[in-house]
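Architecture and fold: a report
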Amino acid sequence: MKPGAALPPVMAASGEAPSAPLPGLEHHLRPGTLRFAAPPPLALYVHLPWCLKKCPYCDFNSHGTAALDDATQARYIDALVADLEASLPLVWGRRVVSVFIGGGTPSLFAPAAIDRLLAAVRARLPLEPGCEITLEANPGTFERERFRAFRDAGVTRLSIGVQSFDDAALQRLGRVHDAAQARAAVAEAASAFDTWNLDLMYALPGQTLAQLQAELDTALSFAPPHLSIYHLTIEPNTLFAVQPPELPDDDLASEMLDLLAARTAAVGLQRYEVSAFAHEGHRCLHNLNYWSFGDYLGIGAGAHGKLSFPERVLRQVRWREPATYMARALEGRAVSNQHELARADLPLEFMMNALRLKDGFPLRLFTERTGLPLSAALAPLQRARERGLIDWHAEGTADESVRPTARGFDFLSDLTALFMP
Ligand SMILES: C[S@@+](CC[C@H](N)C(=O)[O-])C[C@H]1O[C@@H](n2cnc3c(N)ncnc32)[C@H](O)[C@@H]1O
Ligand code: SF4
């Protein structure tokens, strides 16, 4: 195989078939064509794959469960710890800048289980002082004491999946909670956490501009330090893909985006990424690390990871089915697939993340995070500039940076397509 060429993914056969052992650390340390002066910042993602009920629009690795009993929770935490333990040689000596416990619905787990998980993480990985630790919560799992107990377990930031404050809309979205539960959960997050996030979706089935206005009024009345507002997308392999609801047309969806940009700006929330709005000091450090093409170890069912070595970059995926994942992780074999990123694909991968940021990125970051010289991206960057999709700042200085123009931000897929190999 040519140096730097992608390894073929080690495919997971069937759920039960034993997989061949995956290449270990020495393999990733062999010479390649990338040159990292220092490893990128490292984050930890932990996936908890259960929800009270599967939402019809959701393609996350989440599995409905009427009840998640204590024994399953305990076994899953054991599996996560075994997964982390087996991964340690790949991240030896590196500090973790943020932890994100996502799902699924992590708030389904008992605070004591989250406490055990975080203690196990701390015992095995050095966390940066003041490390951001986010946990995703669903208002359907809301109990006052529970949110505070997550905080006492070490969670520093709660992210609440509200989606809508309108009962009829919540019902159409197949949510397990109503608007009153959403309000109660948000009020509690606001009182228990110094920093927290509220997830909303817009362009919902049958939604009007006036309804979105009302959603924003309610959301902003809680003064969220961070707001994520996603355009509802119909994902393949979801119930909505099979039975599509009537959705706002493109013109209305774009008026909605203008409305939410204006309303958030009016209260000082800065749109720092396509779907993310925050007050100063409340940006999500974990997501910023993804968008600046940092490294992340992903543990848990179906979790993805990206890890850089001095001359190559590795992507990993864990077994997706929770039962299979637990069995394999407890044997020290949680990874179902891994492959190295091809040199030719790195510019596109970097730009698909970094150009989502309103402020763009300093040019030196490209080399720091891909291990490639800037020349690998210069021609498409120049083309993007000629087409008015990016602006160049402090040209010729050490602070040289590029950022998407308003037009580039609106046509992000056209902009990133310029970096296709
Ligand atoms: C993994 S969910 C975590 C929150 C939690 N599971 C819940 O839904 O309450 C992360 C967020 O992704 C967003 N999301 C999920 N599916 C989406 C879709 N098809 N289109 C747009 N946003 C989506 C929702 O806003 C959701 O809160
Ligand atoms: S609760 Fe969240 S993760 Fe679970 S199915 Fe619904 S959107 Fe997906």
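Right above here is the structure, for reference.
Calculation criteria
Residues numbered from 1 in each chain as written. Chains lettered and ligands numbered in written order. Predicted model: local features only at pLDDT ≥ 70, side-chain atom pairs only at ≥ 80, totals over all residues. Heavy atoms only, no water. Helix = DSSP H or I, 4+ residues; strand = E, 2+ residues; numbered from the N terminus. Rg over C-alpha atoms; globule rule 2.2 N^0.38 Å. Buried < 20%, exposed > 50% of the residue type's maximum accessible area, 1.4 Å probe, protein only. Contact = heavy atoms within 4.5 Å. Areas by Shrake-Rupley, 256 points an atom, 1.4 Å probe, with all protein chains shown as cover. Lys, Arg positive; Asp, Glu negative; His and termini not counted. Charge placed at Lys NZ, Arg CZ, Asp CG, Glu CD. Axes fitted to C-alpha atoms, helices over the stretch in contact; angles between N-to-C directions. Parallel < 35°, antiparallel > 145°, perpendicular 65-115°, else oblique. Left-handed = near helix turned anticlockwise from the far one by under 90°. Nonpolar A, V, L, I, M, F, W, Y, C, P; charged D, E, K, R; others polar. Pairing = 2+ DSSP bridges.

**A short note on the overall build of the chain**
Helices and strands together make up the secondary structure of the chain, namely 16 helices and 17 strands. Its C-alpha atoms give the chain a radius of gyration of 22 Å, near enough to 22 Å, the size a compact globule of 421 residues would have. Its C-alpha atoms give the chain principal-axis dimensions of roughly 60 × 55 × 45 Å. Buried positions account for 53% of the 421 residues belonging to the chain. Residue pairs in contact within the chain that sit at least 24 positions apart in sequence constitute 72% of those at least 6 positions apart. Within the structure as shown, the chain displays about 18,100 Å² of accessible surface, and the carbon and sulfur contribution to it stands at 55%. One way to put it: in the chain the 39 positive side-chain charges average out to a point 5 Å from where the 48 negative ones average out.

**Here's the deal with unusual backbone geometry**
Gly104 follows Gly103 through a cis peptide bond whose omega is 20°. A positive phi is found at Ala223, a non-glycine position, where the angle reads about 50°. Within the secondary structure, Ala223 is located in the loop between helix H7 (209-221) and strand S8 (226-231). Judged by its relative accessible area of 54%, Ala223 falls in the exposed class. Positioned with a positive phi, Ala394 is a non-glycine residue whose angle comes to about 50°.

**Some words on the packing of helix H2 (residues 70-87) against helix H3 (residues 111-124)**
Two numbers describe how H2 lies on H3: the axes approach to 10 Å, and their chain directions differ by 15°. Taken together, H2 and H3 sit at an angle that is classed as roughly parallel. Note on packing geometry: the crossing formed by H2 with H3 is right-handed. Taken together, the residues of H3 that come into contact with H2 (itself represented by Gln73, Ala74, Ile77, Asp78, Leu80, Val81, Leu84 and Glu85) are Ala113, Arg116, Leu117, Ala120, Val121 and Arg124. Counted by class, the contact of H2 with H3 contains nine nonpolar, one polar and four charged residues.

**Considering the sheet that holds strand S15 (residues 361-362)**
Taken together, three strands build an open sheet; the order of strands is S15-S17-S16 and the sheet is antiparallel. Looking at which strands have only one partner, the edges of the open sheet turn out to be S15 and strand S16 (390-393). Relative to strand S17 (residues 401-404), S16 runs antiparallel, the two sharing four bridges. From the neighbouring strand, Ile390 faces S17, where its bridge partner is Pro404.

Keep in mind these values describe shape, not function.
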